[in-house]
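Listed below are the residues making up each chain.
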Amino acid sequence: MQVLPNTSECDERSSAASGEVRVMNPMEGPEWDRLVAAHAGATIFHTAAWARVLSRTYGHRPFYLSSWKGGRVQALIPVMEVRSMITGRRGVCVPFADFCGPLCFEGANPGPAFAALSALAAERGWKHWEIRGGDKPDSSATRSISFYSHSLSLAGGPDNVFEGFDSAVRRAVRKGERNGVEIAVRSDRGAMLAYYALHVRTRRRHGLPPQSLNFFLNIHEEIIQTGLGSVVIATQGGEAIAGAVFFHCGERALYKFGACDERLLELRANNLVMWAGIRFLCESGCTSLDFGRTSISQNGLRRYKLGWGTTESTAGYYRKDVRSASWETASDRISGGHNALFSRFPLGLNRFLGRLIYSHLD
């Protein structure tokens, strides 16, 4: 299988007809997004917008693969190269995505695309490549790690969806409404700044550093401001007390971030923010909402997501060592001794450490 660098759109059609796998840069023209839009399973993480967020924030380089046969696209695998003097060089599909499995079109064989990915990994000197979600890359593949996935059907409209919530969730939403919490669905930069201030507090409460402000501002510019997402902010007395960030791609939506002021949890603003986001997505024509990944050990978060009437499944990551060509196992980094440290650090120190740490992570 020949792997060719991306050329012009005209050249791509010509050479693709012979059954090649091409390396594409999604940030150079609309062709990648046109291909992604043709697949029903596409998410925001498959698009050029997410590639631009990662490239602008961390300098990650895209190596997006498209395989063709008879002039028809067979599979798409978006891969970013992460380079770090500390954690090494590897290919990830894709960094900071909950799930981003390859897009295989009906009746197609994804084997050539994965063979090209392995060849690319060896050429680039990656220690491994990782696929986040989707079907097994091949029959020998074993999951490196598993997560829970929760999806909410938005069919039937907001009233129908609301009735599917757990009774405790419905009560919490109504309590938030009685407490006079004001809700706004916004796309302005100020909304993202308000959310980020809450995000920093919430990450410390969970014993984790936040991603950089630059990361969130790039999300705002590439995703929120372009109509691919929204920020929901709850306020009381003019002060932001809870917020959430939602993405959408076609009819599929994703709940990506949520935060609140822990000193005002009794107001149930976090429940009201989620409900406002769900209602907005229903009215915008979305048919499903993905609640993102949940670590197997996070029982509290799992119960929270199930309370919204979601359907639970499990999904896995697949990581292949380049030198040994064997499937690796990985550990969940969500909890450990570091949590106690970050939960005690001042907010400013946590932000500083986040700027240093995340460029080496994925």
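Cut-offs and rules
- Along each chain, residue indices are assigned from 1 in the same order as the chain's sequence is written.
- Reporting in this predicted model follows two pLDDT cut-offs: at least 70 for local features of residues, and 80 or more for side-chain atom pairs to be given and counted; totals over whole chains, interfaces and linings ignore these cut-offs and use all residues.
- With hydrogens and water set aside, each side-chain value is computed from the structure's full complement of heavy atoms.
- Only runs of H or I of at least four residues qualify as helices and only runs of E of at least two qualify as strands under DSSP, and these elements are numbered from the N terminus.
- Each residue gets one of three labels from its accessible area relative to the maximum for its type: buried under 20%, exposed over 50%, partly exposed in between, using a 1.4 Å probe on protein chains only.
- Any two residues whose heavy atoms approach within 4.5 Å at even a single point are treated as in contact.
- Here, Shrake-Rupley sampling with a 1.4 Å probe gives the accessible areas, and only protein chains in the shown set may cover a residue.
- Only four residue types enter the tally: Lys and Arg on the positive side, Asp and Glu on the negative side; His and the chain ends are excluded.
- Each charge is placed at NZ for Lys, CZ for Arg, CG for Asp and CD for Glu.
- On a scale of 0 to 100, pLDDT captures the predictor's confidence in every residue.
- In what follows, salt bridge is the name for a side-chain nitrogen of Lys or Arg lying within 4 Å of a carboxyl oxygen of Asp or Glu.
- Each patch is assembled from residues with relative accessible area greater than 30% and no salt bridge, linking like charges that lie within 9 Å and nonpolar side chains (Val, Leu, Ile, Met, Phe, Trp, Tyr) that lie within 5 Å.
- Within this scheme, the nonpolar core is defined by two criteria: the residues are buried Ala, Val, Leu, Ile, Met, Phe, Trp, Tyr or Cys, and they are joined through side-chain atoms within 4.5 Å.
- Each pair of strands is called paired provided DSSP finds at least two bridges between the two strands.
- Helix axes are fitted only over the stretch in contact, all axes being lines through C-alpha atoms; the angle between N-to-C directions runs from 0 to 180 degrees.
- Between 65 and 115 degrees an angle is taken as roughly perpendicular, under 35 as roughly parallel, over 145 as roughly antiparallel, and anywhere else as oblique.
- For any pair of crossing helices, the crossing counts as left-handed if the nearer helix is rotated counterclockwise from the farther one by less than a right angle, and right-handed if it is rotated clockwise.
- Residues are sorted three ways: Asp, Glu, Lys and Arg are charged, Ala, Val, Leu, Ile, Met, Phe, Trp, Tyr, Cys and Pro are nonpolar, and all the rest, Gly among them, are polar.
- In this scheme Phe, Tyr and Trp rings, the latter by its six-membered ring, pair at centre separations within 6.5 Å, and the angle between planes marks the pair as stacked below 30 degrees, edge-to-face above 60, and tilted otherwise.

**A word on the overall build of the chain**
Part 1 of the reasoning: A tally of regular secondary structure across the chain gives twelve helices and 16 strands.
Part 2 of the reasoning: Principal-axis analysis of the C-alpha atoms places the extent of the chain at approximately 65 × 45 × 35 Å.
Part 3 of the reasoning: The buried share among the 362 residues of the chain stands at 51%.
Part 4 of the reasoning: Contacts spanning at least 24 positions in sequence make up 72% of the contacts within the chain whose residues lie at least 6 apart.
Part 5 of the reasoning: With the model as given, the accessible surface of the chain reaches about 16,100 Å², and the carbon-plus-sulfur share is 50%.
Part 6 of the reasoning: Of the side-chain charges in the chain, 43 are positive and 34 negative, and the distance between the mean point of each set is 7 Å.

**Focus: the confidence of the model for the chain**
Part 1 of the reasoning: Averaged over every residue, the pLDDT of the chain is 93; residues scoring 70 or more account for 95%.
Part 2 of the reasoning: Low pLDDT (under 50) marks residues 7-18, which in the prediction has 18 contacts with non-local residues, meaning those over four places away or in another chain.

**Concerning the pattern of salt bridges**
Part 1 of the reasoning: The tally for this structure, following the rule as stated, stands at 15 salt bridges.
Part 2 of the reasoning: Residue Glu130 is joined to Arg132 by a salt bridge in which the shortest nitrogen-to-oxygen separation is 2.8 Å. In terms of burial, Glu130 and Arg132 fall into one category: buried.
Part 3 of the reasoning: Each member of the salt-bridge network shares a partner with another, and the members are Arg90, Glu130, Arg132, Arg319 and Asp362.

**With respect to a positive patch on the surface**
Part 1 of the reasoning: A contiguous patch of positive charge, built from Arg174, Lys175, Arg178 and Arg268, is present on the exposed surface.
Part 2 of the reasoning: You can see Arg174 is positioned in helix α6 (residues 167-178).
Part 3 of the reasoning: Classification of Arg174 as partly exposed rests on a relative accessible area of 37%.

**Notes on the nonpolar core**
Part 1 of the reasoning: Among the nonpolar cores identified, the biggest contains 64 residues, and Trp50, Ile219 and Phe247 are the most heavily contacted of them.
Part 2 of the reasoning: Core analysis: the next-biggest nonpolar cluster, separate from the first, contains 31 residues, Val169, Val181, Val232 and Met274 among them.

**Some words on the pairing of strand β16 (residues 311-321)**
Part 1 of the reasoning: Of the pairings in the sheet, the one linking strand β9 (residues 128-132) to β16 comprises five bridges and is antiparallel in character. By the bridge assignment, Glu130 is partnered in β16 with Arg319.
Part 2 of the reasoning: Pairing analysis gives seven bridges linking strand β10 (residues 145-153) to β16, with the strands arranged antiparallel. Looking across to β16, one finds that His150 is bridged to Glu312.

**Things to note about the packing of helix α3 (residues 48-58) against helix α8 (residues 213-224)**
Pairs of packed helices are described in terms of their axes, by the angle between the two and the distance that separates them.
Part 1 of the reasoning: Two elements in contact, α3 and α8, have axes separated by 9 Å at closest approach and are oriented at 150 degrees. The pairing of α3 with α8 is recorded here as roughly antiparallel in orientation. Pair α3 / α8 crosses with right-handed handedness. Contacts from Ala49, Trp50, Arg52, Val53, Arg56, Thr57 and Tyr58 in α3 reach Asn214, Phe215, Asn218, Ile219, Glu221, Glu222 and Ile223 in α8.
Part 2 of the reasoning: The residue inventory of the contact of α3 with α8, partitioned by class, reads seven nonpolar, three polar and four charged.

**Re the packing of helix α7 (residues 189-205) against helix α12 (residues 347-357)**
Part 1 of the reasoning: Across the interface, α7 lies against α12 with an axial gap of 10 Å and an inter-helix angle of 95 degrees. Classified by the interaxial angle, the pair formed by α7 and α12 is roughly perpendicular. Side by side, α7 and α12 meet where Tyr196, Val200, Arg201 and Arg204 of the first sit next to Leu347, Asn350 and Arg351 of the second.
Part 2 of the reasoning: Residue composition of the contact of α7 with α12, by class: three nonpolar, one polar and three charged.

**Some words on the sheet that holds strand β3 (residues 61-62)**
Part 1 of the reasoning: Here eleven strands make up an open sheet; going across it, the order is β3-β6-β7-β9-β16-β10-β15-β14-β13-β12-β11 and the pairing mixed. The sheet terminates laterally at β3 and β11 (182-186), the two strands that pair on one side only.
Part 2 of the reasoning: Strands in contact with helix α4 (residues 111-124) are β3, β6 (80-84), β7 (88-93) and β9; relative to β9, the strand with the most contacts, it is inclined by about 140 degrees.
Part 3 of the reasoning: Strand contacts of helix α9 (residues 269-283): β10, β11, β12 (229-236), β13 (239-249), β14 (252-260) and β15 (288-295), with the helix running at about 30 degrees to β13, the strand carrying the most contacts.

**Digging into the packing of aromatic side chains**
Part 1 of the reasoning: Going through the model one piece at a time under the given rule, you end up with 25 aromatic pairs.
Part 2 of the reasoning: Aromatic pair Phe45 and Trp50: ring centres 5.0 Å apart, planes at 75 degrees, arrangement edge-to-face.
Part 3 of the reasoning: The class of Phe45 is buried, set by a relative accessible area of 2%.
Part 4 of the reasoning: Using a relative accessible area of 0% as the deciding quantity, one classes Trp50 as buried.

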